[in-house]
Amino acid sequence: MIIASVAIYYSSASFRKEDFYNRLRNQARSTAKLILNPYAPDPELARLIEQNNPASLQNNRLIILNSLNDTLYSSDEKGDIKVTNEILEKIRSEENIKYMQGSFEVLGALFSVQFSSFVVIAAATDTEGHLRLSELRIILITVCLVTLLAFFAAGWLFAGRALKPISDVVNKVEDISITSLNLRVPEGNGTDEIGRLAKTFNKMLERLETSFAMQKNFIANASHELRTPLTSINGQIEVLMMRERSADEYKSALASVLEDIKTLINLSNRLLMIARTSAEGPSSYSKRIRIDEILWQAKEEIKRFNEGYHINIVLDNSLTDSDQMIVSGDESLLKVAVTNIIENGCKYSHDKRVDIKFGCNNKMIEIVFEDKGIGIDEKDLHKVFEPFYRGSNAISSQGSGIGLSLVNQIIKNHNGTIRIFSQIGKGTKVIISLPAILQN
Ligand code: ADP
């Protein structure tokens, strides 16, 4: 606005000046022609015509000098225009000069009439032009100020309105701490950038809240699971020490304590493994492992301690050579994972039987563990991967509820996926997919 106003003002000022000098030149030329007319030079008539000309400029002055610098005609009776030798010389050398003298704008020009040259000095004041120019200046300054004020007010209003959702979010975020992770930031209409940012932030808060809750539960559950066998050991020893016992009684009590200790060792081993796998995160294990060998080894080990378990491994037709069975991973972790799934399958089915189907599908090795056991309730199904979660079907069987959460963590760390499908009374199907290392 300021640049445009300055440009408008300066172009108007230069137009006024140009126009005024043009009018001054035209008027000087016509009057000079009248006076310098070789046939009827009548300065008085010329003065009369000049004074009564309605188009005449304000405070018009005209001075004509001949080549000897004698004044032939002058309408400057008050002597407002100073004609010095220096000015005359300048007019003669430059033929046309413009300058200001007080409030007068003066034009000096060299005219030739019939082989003689005359110096014509014309002057006038452009009161009206200057008045218009100052009016224009006031208008432009006012418009500039009003516009600036309007812009400032509108900018302040709209910026405030546009930034309000952000300041709302900031205020809300300041209130959120570890103890108030349930708070959420306002999402507004949820469609613009700020709404989407707030939505994403809320989702992150949700995940944080869940993981905080899980962490809290984890510690509570772990302490509970550890306390149960410890209390049992404590109770058994206390009862044992109440009086003198026979050797057989000591033996059977120690066997029971040993059982509890084994449970404790098993539990702490799994807890350590969970800690290890979650600390490692999805890593790139570089060791090449044949997954069928892992399955066979797991089967052997399980069978060694549970003779009544039936584990049936079937290779799919999609597997044509042993190279398709290779994954990169950690052998002991993968063995822990498949052992857990197989043991669950046998543990939660009356026939203690698990069928394992093993195939390759689109660069992924897929292992399906299927049992025809008691199945999992639908409400438990999506929670079985949570640490220490035990389904309603598991009340009568032993366990701590960390098996599947450990399996889930291990498979995730191997960049694989695990899915579980189950129907109460019909059985359970667990499908593991792991990326195969295919050789060309
Ligand atoms: P647990 O020590 O209780 O077996 P897991 O983490 O291995 O703990 O399993 C979590 C829960 O999932 C179990 O308590 C059980 O309810 C359910 N579950 C897992 N596998 C099976 C299965 N094959 N058949 C029926 N229920 C199962």
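Use the structure listed above.
Worth saying up front: this structure is predicted, and the values here are computed from it rather than measured.

Engineer: I'm lost on the overall build of the chain in this one. Help?
Structural biologist: A count of helical and extended segments in the chain gives ten helices and twelve strands. Its C-alpha radius of gyration of 53 Å places the chain more than 25% over the 22 Å reference for a compact globule of 440 residues. Taking the principal axes of its C-alpha atoms as reference, the chain extends roughly 160 × 60 × 40 Å. Scored against the burial criterion, the 440 residues of the chain give a buried share of 37%. Considering only contacts in the chain between residues 6 or more positions apart, those separated by 24 or more positions represent 63%. Accessible surface computed for the chain: about 27,000 Å², of which carbon and sulfur atoms make up 58%.

Engineer: Would you mind going over the site of the ligand with me for this structure?
Structural biologist: Taken together, 20 residues are adjacent to the ligand, and Asn344, Tyr348, Arg390, Asn393 and Leu404 come closest. Within the side chain of asparagine 344, an N or O atom sits 2.7 Å from an oxygen atom of the ligand. In this structure, glycine 401 approaches the ligand through a main-chain N or O atom, which is 3.0 Å from an oxygen atom. Burial of the ligand by the surrounding chains reaches 98%, relative to a free accessible area of 530 Å². Those elements that place two or more of their residues in the shell around the ligand are helix H8 (331–347) and helix H10 (403–413). Here the shell around the ligand gets three residues from one element, more than from any other, and that element is H8.

Engineer: Which parts of the structure should I look at to understand the sheet that holds strand S2 (residues 71–74)?
Structural biologist: Hydrogen bonds between backbone groups are what pair the strands of a sheet, and the pairing can be parallel or antiparallel. Here we have five strands laid out as an open sheet, ordered S2-S1-S5-S4-S3, and antiparallel in their pairing. Sheet topology places S2 and strand S3 (96–101) at the edges, where each strand pairs with a single neighbour. Each neighbouring strand pair of the sheet contributes to a mean axis angle of 20°, computed without reference to strand direction. As judged from the six bridges shared by S3 and strand S4 (residues 104–113), these two strands associate in the antiparallel manner. Following the sheet pairing, isoleucine 97 is matched in S4 by glycine 108. Running over the sheet, helix H3 (residues 85–94) touches strand S1 (61–65), S3, S4 and strand S5 (116–124) and is turned about 150° from S3.

Engineer: What exactly am I supposed to notice about the sheet that holds strand S11 (residues 417–423) here?
Structural biologist: If you walk across this open sheet you meet the five strands as S7-S9-S10-S12-S11, and the pairing is mixed. The outermost strands of the open sheet, each flanked by one partner alone, are strand S7 (310–315) and S11. On average, each strand axis in the sheet is inclined to that of its neighbour by 15°, with strand direction left out of account. Pairing of strand S9 (residues 353–361) with strand S10 (residues 364–371), which is carried by eight bridges, proceeds in the antiparallel orientation. Looking at S10, one finds that glycine 359 is bridged to glutamate 366. Packed on one face of the sheet, helix H7 (residues 291–305) meets S7, S9, S10 and strand S12 (427–435) and runs near 165° to S7. Lying over the sheet, H8 contacts S7, S9, S10, S11 and S12, oriented at roughly 135° with respect to S9.

Engineer: Can you help me understand the pattern of salt bridges in this one?
Structural biologist: Oppositely charged side chains may form a pair once their charged atoms are brought near each other. The full count for this structure, using the stated rule, is 18 salt bridges. A salt bridge links glutamate 105 to arginine 16; the shortest N-O distance between them is 3.3 Å. A residue pair is termed long-range when its members are at least 10 positions apart, and glutamate 105 in strand S4 and arginine 16 in helix H1 (residues 2–35) qualify at 89 residues. Of the two residues, glutamate 105 and arginine 16, neither departs from the other in class, the shared state being buried. Among the salt bridges present, the one from glutamate 249 reaches arginine 245, with a minimum N-O distance of 3.7 Å.

Engineer: Looking at this model, I keep getting lost on the packing of helix H5 (residues 193–240) against helix H6 (residues 247–280). Mind explaining?
Structural biologist: The axes of two packed helices give the description: the angle between them and the distance between them. Contact pair H5 / H6: the axes reach a minimum separation of 10 Å and the direction vectors enclose 165°. Compared by their axis directions, H5 and H6 come out roughly antiparallel. Of the two elements, H5 crosses H6, and the hand of that crossing is left-handed. Listed contacts from H6 to Phe218, Ala222, Glu225, Leu226, Pro229, Leu230, Ser232, Ile233, Gln236, Ile237 and Leu240 of H5 are Glu249, Tyr250, Ala253, Ser256, Val257, Asp260, Ile261, Leu264, Leu267, Leu271 and Ile274. Of the residues in the contact of H5 with H6, the class split is 16 nonpolar, three polar and three charged.

Engineer: Could you clarify how one ought to interpret a nonpolar patch on the surface in this entry?
Structural biologist: Taken together, Ile2, Val6, Tyr10, Ile141, Leu145 and Leu148 make up a surface patch of nonpolar side chains, about 620 Å² in accessible area. Mapped by element, the contributors of at least two residues to the nonpolar patch are H1 and helix H4 (127–175). Residue position: isoleucine 141 is located in helix H4.

How each quantity is defined
The numbering scheme is per chain: residues are counted from 1 as the chain's sequence reads. Where totals are concerned, whole chains, interfaces and linings use all residues; where local detail is concerned, this predicted model gives features only for residues with pLDDT of at least 70, and gives and counts side-chain atom pairs only at 80 or more. Side-chain descriptors were evaluated using all non-hydrogen atoms of the structure, hydrogens and water having been removed beforehand. Helix numbers and strand numbers start at the N terminus; a helix is a DSSP run of H or I with at least 4 residues, a strand a run of E with at least 2. Only C-alpha atoms enter the radius of gyration; for comparison, a globular chain is expected to reach 2.2 Å times N to the power 0.38, where N is the number of residues. Burial here depends on accessible area, computed with a 1.4 Å probe over protein chains only, as a share of the maximum for the residue type. Under 20% is buried, over 50% is exposed, and the range in between is partly exposed. Only heavy atoms enter the contact rule, under which two residues are in contact if any of them lie within 4.5 Å. Calculation of accessible area relied on Shrake-Rupley with a 1.4 Å probe; when residues are assessed, cover is drawn exclusively from the protein chains displayed. Distances are taken per atom, and a residue is near a molecule or strand as soon as one of its heavy atoms is within 4 Å of it. Identification of polar contacts relies on pairs of N or O atoms within 3.5 Å, with a donor-acceptor requirement for protein atoms, meaning one able to donate a hydrogen and the other able to accept it, and with residues adjacent in sequence counted only if both atoms are side-chain atoms. Whether two strands pair depends on DSSP finding at least two bridges between them. Simply put, an axis is a line fit to the C-alpha atoms, just over the touching stretch for a helix, and the angle between two N-to-C directions goes from 0 to 180 degrees. For salt bridges, the criterion is a side-chain nitrogen of Lys or Arg within 4 Å of an Asp or Glu carboxyl oxygen. Note that the term roughly parallel is reserved for angles under 35 degrees, roughly antiparallel for angles over 145, roughly perpendicular for angles of 65 to 115, and oblique for everything else. Left-handed is the label given to a crossing in which the near helix is rotated counterclockwise from the far helix by less than a right angle, and right-handed is the label when the rotation is clockwise. Throughout this entry, Asp, Glu, Lys and Arg are counted as charged residues, while Ala, Val, Leu, Ile, Met, Phe, Trp, Tyr, Cys and Pro are counted as nonpolar. The remaining residues, Gly among them, count as polar. Each patch is built from residues that are more than 30% exposed by relative accessible area and take part in no salt bridge. Like charges join if they lie within 9 Å; nonpolar side chains (Val, Leu, Ile, Met, Phe, Trp, Tyr) join within 5 Å.

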